[in-house]
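Structural overview
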Amino acid sequence: MKVLETKKLNKYFEQGNNKNHILKNISLTINSGDFLGIIGPSGSGKTTLLYCLGTLENFEGGDVFLLGRNIKDLNDKQIAKIRNSEIGYVFQFFNLIPNLTAYENVLLASAITKQVNDERIDELLMLVGMEKFKEYYPEQLSGGMQQRIAIARALINGPKILFADEPTGNLDQKKGKEIMELLKKLNKEQGLTIILVTHNEDYISYCNRTINLIDGEIV
Ligand SMILES: Nc1ncnc2c1ncn2[C@@H]1O[C@H](COP(=O)(O)OP(=O)(O)O)[C@@H](O)[C@H]1O
Ligand SMILES: [Mg+2]
């Protein structure tokens, strides 16, 4: 089943008097259960593409069909609803709230999605291997552990698709691999569709498909 499809997606950024063509005719299909890697050098448009796919960025040309619906046909409220119920995001910097414990960081996300449920949070912390650290604050945790909490937080709404932008970018090789193992497990065991941006070719092997982006084009 298709969960995401783009047809000739084009994106520009204006800078001064220049209009920079950032994404050029991107057409791709992502199926349920895919673990898609988007690789390419820095500045090639990976983050911009991920954000356009994940409704975090507008685009000018072409179409994006998210879970069967053309994003262009949706109003802000409908898009917010999809974001809150169908999609999760993970970023390079874990963006945890420093004054909240691991448990509370995940709880906060559950409050936003109105799916408050203690057991669900414990289950998620278990899934990411952090059940023993639920009362710890971010500063007491390693980067890899913080990213695990950020992943648990992203999963609170039971998303169909997880968007991850360089989730290992701030971690050493060992911790990076552990995060990739975790994502692979979520993909295999939970059937989570994952779209991952990375510039590290070592991580391609965890994906079941990759596209290579160079200068805004799939090559
Ligand atoms: N908000 C923005 N305004 C103007 N230019 C941007 C903006 N965001 C990204 N860019 C430009 O778009 C290009 C692609 O950026 P990005 O998608 O972040 O690449 P990557 O994630 O592959 O490193 C870069 O040239 C970058 O400078
Ligand atoms: Mg980027």
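Below is a short write-up of the structure. Here the structure is a predicted model, which is why all the values come from computation and not from measurement.

Focus: the packing of aromatic side chains
Taken as a whole and judged by the stated rule, the model has five aromatic pairs. The interplanar angle of 25° and the centroid separation of 5.9 Å between the aromatic rings of Tyr-89 and Phe-163 together place this pair among those described as stacked. Highlighted residues: Tyr-89 in strand β6 (residues 87-90) and Phe-163 in strand β7 (residues 161-165), separated in sequence by 74 residues. Each member of the pair, Tyr-89 as well as Phe-163, is classed as buried.

Section: the sheet that holds strand β1 (residues 2-15)
Ordered by their spatial adjacency, four strands build an open sheet running β2-β1-β4-β5, and the pairing between neighbours is antiparallel. The sheet is open, and its two borders are formed by β2 (18-31) and β5 (69-70), each paired with just one other strand. Pairing between β1 and β2: 10 bridges, direction antiparallel. From the neighbouring strand, Glu-5 faces β2, where its bridge partner is Thr-29.

Things to note about the nonpolar core
Among the nonpolar cores identified, the biggest contains 36 residues, and Ile-151 and Leu-183 are the most heavily contacted of them. Listed by contribution, the elements that provide at least two residues to this core are α3 (102-112), α4 (118-127), α5 (143-154), β7, α6 (173-190) and β8 (193-198). Dropping the residues within four chain positions of it, Leu-183 is found in contact with Phe-35, Ile-151, Leu-162, Pro-167, Ile-194 and Leu-196. Leu-4, Ile-22, Ile-26 and Tyr-89 belong to the second largest nonpolar core, which has 29 residues in total.

Overview of the site of ligand 1
Close to ligand 1 lie Phe-13, Ile-22, Pro-41, Ser-42, Gly-43, Ser-44, Gly-45, Lys-46, Thr-47 and Thr-48. At 3.2 Å from an oxygen atom of ligand 1 is found a main-chain nitrogen or oxygen belonging to Ser-44. Measuring from an oxygen atom of ligand 1, one finds a side-chain N or O atom of Thr-47 at 2.9 Å. Surface burial for ligand 1 is 60%, taken as the share of its 560 Å² of free accessible area covered by protein chains. A per-element tally of the shell around ligand 1 places helix α1 (residues 46-53) first, with three residues. The class makeup of the residues in the shell around ligand 1 is three nonpolar, six polar and one charged.

Digging into the environment of Ile-38
Secondary-structure assignment places Ile-38 in strand β3 (residues 35-39). For the pair Ile-38 and Asn-17, spaced 21 residues apart in sequence, the C-alpha separation works out to 30 Å. Those residues within four positions of Ile-38 in sequence are excluded, and the remaining contacts are Lys-46, Leu-49, Leu-50, Leu-53, Ile-195, Leu-196, Val-197, Thr-198, Ile-211 and Leu-213.

Concerning the environment of Leu-141
In this fold, Leu-141 is placed in the loop between α4 and α5. Leu-141 gets classed as buried once you look at its relative accessible area, which sits at 8%. The spacing of Leu-141 and Met-130 is 11 residues in sequence and 10 Å in space, taken between C-alpha atoms.

The rules we used
Residues numbered from 1 in each chain as written. Chains lettered and ligands numbered in written order. Predicted model: local features only at pLDDT ≥ 70, side-chain atom pairs only at ≥ 80, totals over all residues. Heavy atoms only, no water. Phe/Tyr/Trp six-rings, centres within 6.5 Å; stacked < 30°, edge-to-face > 60°. Helix = DSSP H or I, 4+ residues; strand = E, 2+ residues; numbered from the N terminus. Buried < 20%, exposed > 50% of the residue type's maximum accessible area, 1.4 Å probe, protein only. Pairing = 2+ DSSP bridges. Core = buried A, V, L, I, M, F, W, Y, C linked by side-chain atoms within 4.5 Å. Contact = heavy atoms within 4.5 Å. Near = heavy atom within 4 Å. Polar contact = N/O pair within 3.5 Å; in protein donor to acceptor, adjacent residues only side chain to side chain. Areas by Shrake-Rupley, 256 points an atom, 1.4 Å probe, with all protein chains shown as cover. Nonpolar A, V, L, I, M, F, W, Y, C, P; charged D, E, K, R; others polar.

These results come straight from atomic positions and should not be treated as a statement about function.
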